[in-house]
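# Inside the fold
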Amino acid sequence: MKRKETLVNIRLNAEKNKIELSDVVIDEMGNEHISTSIDTPMRSDAFEMTDAEKIAAIEKHFIGIMNILGLDLTDDSLRGTPKRVAKMYVQEIFAGLHPANKPSVTLFDNKFGYKEMLVEKNISFYSSCEHHFVPFAGKAHVAYISSGKVIGLSKLNRIVKYFSKRPQVQERLTIQIGKELQKVLNTDDVAVILDAKHLCVASRGIEDDASSTVTAFYGGAFNEEEKKTEFLKYIDFKIGL
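Below: a short report on this structure. As the structure is a prediction and not an experimental result, all values here were calculated from the model.

Here is what the cut-offs are and how they apply
- Residues numbered from 1 in each chain as written.
- Predicted model: local features only at pLDDT ≥ 70, side-chain atom pairs only at ≥ 80, totals over all residues.
- Heavy atoms only, no water.
- Salt bridge = Lys/Arg side-chain N within 4 Å of Asp/Glu carboxyl O.
- Helix = DSSP H or I, 4+ residues; strand = E, 2+ residues; numbered from the N terminus.
- Pairing = 2+ DSSP bridges.
- Contact = heavy atoms within 4.5 Å.
- Axes fitted to C-alpha atoms, helices over the stretch in contact; angles between N-to-C directions.
- Core = buried A, V, L, I, M, F, W, Y, C linked by side-chain atoms within 4.5 Å.
- Buried < 20%, exposed > 50% of the residue type's maximum accessible area, 1.4 Å probe, protein only.
- Arc of directions from axis to C-beta.
- Polar contact = N/O pair within 3.5 Å; in protein donor to acceptor, adjacent residues only side chain to side chain.
- Parallel < 35°, antiparallel > 145°, perpendicular 65-115°, else oblique.
- Left-handed = near helix turned anticlockwise from the far one by under 90°.
- Nonpolar A, V, L, I, M, F, W, Y, C, P; charged D, E, K, R; others polar.
- Expected span 1.5 Å × (residues − 1).

### With respect to the pattern of salt bridges
Using the criterion set out here, one finds six salt bridges in the structure. Here Lys-227 makes a salt bridge to Glu-230, at a shortest N to O gap of 3.9 Å. Taken as a pair, Lys-227 and Glu-230 lie in helix H8 (residues 225-234) at a separation of three residues, close to a single helical turn.

The following block contains the structure:
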C-alpha cells in the first residue's frame, strides 16, 4: 500500500481518542500476515468463562455460521459439527491460549559439563493463522547452550506445542518460543528456526502450495556468525538455495 493510500485509510476517532484503521488496511494487514504485538492479543476477561461455557457458546455461534452458509444441520453428517468444532477450538487447537495448559518445566544440573550447543531439530508443530483461522504447520529447530542447567528434551517439544496451539503469526510464534526458552533456561544463548507451510497462502489468495515461510530467533552467542553457522549446519539448513 502506498503512503498516500495508507494515510487515507487511517482515521482519528475523537470520541475514543484513538487512531482507527479502515477495513482496507485491516484486510491488507491480514493478507500480508502482519503482526502487531509479541504477546498474543488477549482481553482482560479472557478466562472468566469455563471451558464448558466457552464450548457451549461457540457451538451456538457455529450453528449460526452453518445456517448462514445454507447447510442442512438435520443431516446426520453435519448435526454434530458445531459441537465438534467448539470442542476442538477450546480443548485442542487453541488450548495454548490458557496459561493453565502451559507445560511445567524441571531443570537438571549439567553434571556432564557439556558446553556445546544442544540442538533439537525437526519438531513437528501445527498452528492456526490468526488472520484467516486456517492451519499452518511445519518443523521447529531449537538450540541452546547450557548456563549450568539442562532441560528434558520432551519439554522443548511441549514448549513449541504450547505456543503453537493458539491463533498465531509465525514471526510472533518464533519469538515467543525463543523468549520462553531464554526464561526457563536462564540463558540468552538460544536459537529457534521455524519452517512452515501456510494454508492461508496455499488454499486461498495466491493459492501457492509450493512455498514455505522461514523465521528465526537468535539470542546471545547465536548472534555470532560462527555459532549461527554451526546451528544451521546441524539442522541441515541450506542458505541461498
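### Observations regarding the sheet that holds strand E4 (residues 117-129)
One open sheet accounts for five strands, arranged E7-E4-E5-E8-E9; its pairing is mixed. On the outer flanks of this sheet lie strand E7 (167-168) and strand E9 (213-218), each paired with one strand and no other. The sheet contact formed by strand E5 (residues 135-145) and strand E8 (residues 190-198) spans nine bridges and is antiparallel. Following the sheet pairing, Tyr-144 is matched in E8 by Val-190. Strands E4, E5 and E7 of the sheet are contacted by helix H5 (residues 153-164), whose axis makes an angle of about 25° with E4.

### Description of the nonpolar core
Note that soluble globular proteins tend to have their nonpolar side chains buried in a common cluster. Counting residues in each nonpolar core, the largest one holds 24 residues, and the members touching the most others are Phe-125, Val-142, Ile-177, Leu-181 and Val-192. Those elements giving two or more residues to this core turn out to be E4, E5, H5, helix H6 (170-185) and E8. When sequence neighbours within four positions are dropped, the list of residues in contact with Val-142 reads Leu-118, Val-119, Glu-120, Ile-123, Leu-156, Val-160, Ile-177, Leu-181, Ala-191, Val-192 and Phe-231. Ile-145, Ala-191, Leu-232 and Ile-235 belong to the second-largest nonpolar core, a separate cluster that totals 10 residues.

### A short note on the pairing of E4
Relative to E5, E4 runs antiparallel, the two being bridged by 10 bridges. Bridging from a neighbouring strand, Phe-125 pairs with Gly-138 of E5. In this antiparallel pair of consecutive strands, E4 and E5, the connection spans five residues, and Phe-133 shows a positive phi of 55°. Where E4 meets E7, two bridges bridge the pair, whose relative direction is parallel. Within E7, the residue paired with Ser-128 across the bridge is Pro-167.

### Side note on H8
For H8, the complete set of buried residues consists of Lys-227, Lys-228, Phe-231 and Leu-232. One side of H8 holds all its buried residues, which, seen down the axis, span an arc of 135°. Summarising the geometry of H8, the exposed residues directed more than 90 degrees from the buried face are Glu-225, Glu-226 and Lys-233. Tucked inside the fold, the buried residues of H8 contact E4, E5, E8 and E9. Backbone geometry just downstream of H8 places Asp-236 in the positive-phi region, at approximately 60°.

### Overview of the side chain of Ser-128
Here Ser-128 lies in strand E4. Its relative accessible area of 7% is what places Ser-128 among the buried residues. Sequence-distant contacts of Ser-128, defined by excluding residues within four places in its chain, comprise Ile-93, Phe-94, Val-134, Pro-135, Phe-136, Ser-164, Arg-166, Pro-167 and Gln-168.

### Considerations on the environment of Arg-204
Locating Arg-204 in the fold gives a position in the loop between helix H7 (199-202) and E9. Taking the C-alpha atoms as reference points, Arg-204 and His-132, separated by 72 residues in sequence, lie 9.7 Å from one another. Of note is the side chain of Arg-204, whose polar atom sits 3.5 Å from the side chain of His-132.

### Considerations on the packing of helix H3 (residues 51-68) against helix H4 (residues 81-93)
Contact geometry of H3 with H4 gives a least axis separation of 8 Å together with a crossing angle of 135°. Judged on the interaxial angle alone, H4 and H3 are oblique. Where H3 crosses over H4, the handedness of that crossing is right-handed. For the pair formed by H3 and H4, the contact residues are Asp-51, Lys-54, Ile-55, Ile-58, Glu-59, Phe-62, Ile-63 and Met-66 on the first element and Thr-81, Pro-82, Lys-83, Val-85, Ala-86, Lys-87, Tyr-89, Val-90 and Gln-91 on the second. Here the residues of the contact of H3 with H4 are counted per class, giving 10 nonpolar, two polar and five charged.

### Some remarks on H3
Look at H3: 26 Å from first C-alpha to last across 18 residues, which is about the 26 Å you get at 1.5 Å a residue. Among the residues of H3, Lys-54, Ile-55, Phe-62 and Met-66 are the ones counted as buried. Seen along its axis, H3 keeps its buried residues to an arc of 100°; they face one direction. In H3, those exposed residues whose orientation departs by more than 90 degrees from the buried face are Lys-60, His-61 and Ile-68. In this structure, the buried side of H3 is in contact with H4. Two residues or fewer past H3, Gly-70 is found with a positive phi of approximately 90°.

Remember, this is a structural readout, not a statement about activity or role.
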